[in-house]
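Now for the letters of each chain:
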Amino acid sequence: MSEKILIAYFSASGVTAGAADKMAKAIGADLYEIRPEQPYTSADLDWTNKKSRSTVEMTDPACRPAIAEPLKSIDGYDVILLGFPVWWGVEPRIVDTFLEGFDFAGKVIVPFATSGGSGITTAEKSLKEHCPAAVWKKGQIVNGSTAADWAKRVVEG
C-alpha cells in the first residue's frame, strides 16, 4: 500500500497507546496521540462514580473535551486508523473533538478499539454520525497481541 497512513489514538490508561505503537511499528505509520488538555486522573476514570469526569462527559453528548497540542493537518494522509478505548459502548467524547476538527471527506478511516468486554459496533455507528463524509471501513477490537497483525491486514487490503 503506497498510501500515507496516520494512526490517531486516545488512550486513558495506556492500553490503546500500546496497541497503536505496535501497529505503527508494524506498518510504518505516523503516530498521533489525542491527548486531553486536562489529563485524566484515576478518579476521573471511575465509571462507577456518577460524578466522575468521564461519567459526566459521557452522559453529555455535546461534551467536547479540549485536545492538548491538536494535530495541525490531516492533508498528507490517505488512511487514518482511529483508536480509542470503548467507554459506555462508544468512543470517548475527546475522539469526537478530534473528528469534528478536520474535514475527512474522502479520507479512509478504520476504527480500532480496546475494550474489557464491549464490542465496537455501536461506536462505529456513532463515529459515522460525527464524520459522515469519510470513507469508513469495518473496525476491530484489538489487544496488544493482535494489533500489529490486524493493522497489516488493513493496509494489505
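About the thresholds
- Residues numbered from 1 in each chain as written.
- Predicted model: local features only at pLDDT ≥ 70, side-chain atom pairs only at ≥ 80, totals over all residues.
- Heavy atoms only, no water.
- Helix = DSSP H or I, 4+ residues; strand = E, 2+ residues; numbered from the N terminus.
- Rg over C-alpha atoms; globule rule 2.2 N^0.38 Å.
- Buried < 20%, exposed > 50% of the residue type's maximum accessible area, 1.4 Å probe, protein only.
- Contact = heavy atoms within 4.5 Å.
- Areas by Shrake-Rupley, 256 points an atom, 1.4 Å probe, with all protein chains shown as cover.
- Lys, Arg positive; Asp, Glu negative; His and termini not counted.
- Charge placed at Lys NZ, Arg CZ, Asp CG, Glu CD.
- Salt bridge = Lys/Arg side-chain N within 4 Å of Asp/Glu carboxyl O.
- Arc of directions from axis to C-beta.
- Axes fitted to C-alpha atoms, helices over the stretch in contact; angles between N-to-C directions.
- Parallel < 35°, antiparallel > 145°, perpendicular 65-115°, else oblique.
- Left-handed = near helix turned anticlockwise from the far one by under 90°.
- Nonpolar A, V, L, I, M, F, W, Y, C, P; charged D, E, K, R; others polar.

**Structural notes on the overall build of the protein**
Part 1: The secondary structure content of the protein amounts to five helices and eight strands.
Part 2: Listing the helices and strands of the protein from first to last along the sequence gives β-α-β-β-α-β-β-α-β-α-β-β-α.
Part 3: A globule of 157 residues ought to have a C-alpha radius of gyration of about 15 Å, and the protein, at 15 Å, matches this closely.
Part 4: Looking at the 157 residues of the protein, the share that counts as buried comes to 48%.
Part 5: Looking at the protein alone, contacts between residues at least 24 apart form 77% of all its contacts between residues at least 6 apart.
Part 6: Carbon together with sulfur atoms contributes 51% to the accessible area of the protein, which is approximately 7,800 Å² in total.
Part 7: Distance from the positive charge centre (17 side chains) to the negative charge centre (20 side chains) of the protein: 4 Å.

**Details of the environment of Gly28**
Part 1: Residue position: Gly28 is located in the loop between helix H1 (15–27) and strand S2 (30–33).
Part 2: Its relative accessible area of 64% is what places Gly28 among the exposed residues.
Part 3: The spatial distance from the C-alpha of Gly28 to the C-alpha of Ala66 is 28 Å, given a sequence separation of 38 residues.

**Digging into the pattern of salt bridges**
Part 1: Here the structure, examined in full by the defined rule, presents ten salt bridges.
Part 2: Measuring nitrogen to oxygen at the nearest pair gives 3.6 Å for the salt bridge that ties Lys125 to Glu129. On the criterion of helical spacing, the pair formed by Lys125 and Glu129 is a turn pair, its members being four residues apart in helix H4 (residues 121–130).
Part 3: Classification of Lys125 by relative accessible area gives exposed; the value is 55%.
Part 4: Assessed through its relative accessible area of 55%, Glu129 is described here as exposed.
Part 5: Linked through salt bridges whose partners overlap, the residues forming this network are Arg64, Arg93, Asp96 and Glu100.

**What about helix H5 (residues 147–156)?**
Part 1: Buried within H5 are the following residues: Ala147, Ala148, Trp150, Ala151 and Val155. Buried residues in H5, looked at end-on, bunch into an arc of 160°, giving them a common side. Those residues of H5 that are exposed and aimed more than 90 degrees away from the buried face are Arg153 and Glu156.
Part 2: Tucked into the core, H5 has its buried residues touching strand S1 (5–9), H1, strand S5 (79–85), strand S6 (108–114) and strand S8 (140–141).
Part 3: With its phi angle positive at about 90°, Gly157 sits one or two positions after the end of H5.

**Some words on H4**
Part 1: Three or more residues of H4 are buried, namely Ala123, Glu124, Ser126 and Leu127. Down the axis of H4, the buried set is contained in an arc of 165°. They therefore lie on one face. In this structure, H4 carries Thr121, Lys125 and Glu129 as exposed residues pointing more than 90 degrees from its buried face.
Part 2: Contacts from the buried residues of H4 go to S5, helix H3 (93–99), S6 and strand S7 (135–136).

**Some words on the packing of H1 against H5**
Part 1: At a minimum axis distance of 8 Å, the contact between H1 and H5 shows a crossing angle of 50°. In terms of their interaxial angle, H1 and H5 are classed as oblique. Where H1 crosses over H5, the two elements pack in a sense that is right-handed. Along the contact surface, H1 presents Ala19, Lys22, Met23, Ala26 and Ile27, while H5 presents Ala147, Ala148, Trp150, Ala151, Lys152 and Val155.
Part 2: Residue classes in the contact of H1 with H5 are distributed as nine nonpolar, no polar and two charged.

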